[in-house]
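# What the coordinates show
Here is how the chains run, residue by residue.
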Amino acid sequence: MQVLCRSTNGNAECNCCVCGQGFVMFWERQSRTQRAEAQREIQEALRRHHRDHSGAQAHPKAGFLVPESSGIFAFSGAPMMGGVPVWDL
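Residues numbered from 1 in each chain as written. Predicted model: local features only at pLDDT ≥ 70, side-chain atom pairs only at ≥ 80, totals over all residues. Heavy atoms only, no water.

## Describing the overall build of the chain
Inclusion rule: Numbering of helices and strands runs from the N terminus; a helix is a DSSP stretch of H or I covering at least four residues, while a strand is a stretch of E covering at least two. Using a 1.4 Å probe on the protein chains alone, a residue whose accessible area is under 20% of its type maximum counts as buried, one over 50% counts as exposed, and one in between counts as partly exposed. Note on contacts: a residue pair is in contact if any heavy atoms of the two residues lie within 4.5 Å. Throughout, the Shrake-Rupley method with a 1.4 Å probe supplies accessible areas, and for residues the shown protein chains are the sole cover considered.
Looking only at helices and strands, the chain has 2 helices and 4 strands in total. Counting from the amino terminus, the chain carries its helices and strands in the arrangement β-β-β-α-β-α. In the chain, which comprises 89 residues, the proportion classed as buried is 38%. The long-range fraction of contacts in the chain, counting pairs at least 24 apart against all pairs at least 6 apart in sequence, stands at 53%. Counting every atom, the chain has about 5,600 Å² of accessible surface; 48% of that belongs to carbon and sulfur.

## Examining helix α1 (residues 32-49)
So the rule is basically this: The span you would expect from a helix comes to 1.5 Å times its residue count less one. Here, the arc refers to the directions that run from the helix axis to the C-beta atoms.
Taking 1.5 Å per residue as the helical rise, α1 with its 18 residues ought to reach 26 Å, and the 26 Å between its terminal C-alpha atoms agrees with that figure. Taken together, the buried positions of α1 are A38, I42, Q43, A45, L46 and H49. Around the axis of α1, the buried residues are gathered within 160° of arc, so they sit on the same side. Across α1 from its buried face, at more than 90 degrees, point the exposed residues T33 and R40. Those residues of α1 that are buried are in contact with β1 (3-8), β2 (14-15), β3 (22-27) and β4 (64-66).

## Remarks on the packing of aromatic side chains
Spelled out, the test is: Here a pair means two rings of Phe, Tyr or Trp (six-membered ring of Trp) with centres within 6.5 Å. Their orientation is stacked below 30 degrees between planes, edge-to-face above 60, and tilted elsewhere.
Enumeration over the complete set of coordinates arrives at 1 aromatic pair. Look at F23 and F64: their rings are 5.7 Å apart centre to centre, the planes differ by 80°, and that puts the pair in the edge-to-face class. Here the residue F23 occupies a position in strand β3, and F64 occupies one in strand β4, the gap between them amounting to 41 residues. For the residue pair F23 and F64, the accessibility class agrees, reading buried in each case.

## Thoughts on the environment of K61
Examined against the element boundaries, K61 turns out to sit in the loop between α1 and β4. Its relative accessible area of 69% is what places K61 among the exposed residues.

## Side note on the side chain of Q21
Its location among the elements puts Q21 in the loop between β2 and β3. Its relative accessible area of 15% is what places Q21 among the buried residues. Leaving out residues up to four positions away in the same chain, Q21 has contacts with S7, T8, N9, C14, N15, C16, A56 and H59.

Right, here's the structure in full:
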């Protein structure tokens, strides 16, 4: 299961614990346990983004998948389930 995270200045579902940047998440339906595990993975990914940068610019502008993928967004179910057009990524 993958989660697509995109930065937002509006209503965020989660925030980076380092810089406070907000993110919305697009994911397939899952159990509470799976969502809790995914949120831990998302926070770890957000912290990893700050290895080289300190501010919100540390996060990918186009969004990112958790867990990370070497493929492209077009082949992930997360964007499709979130209603995000592939050309908008």
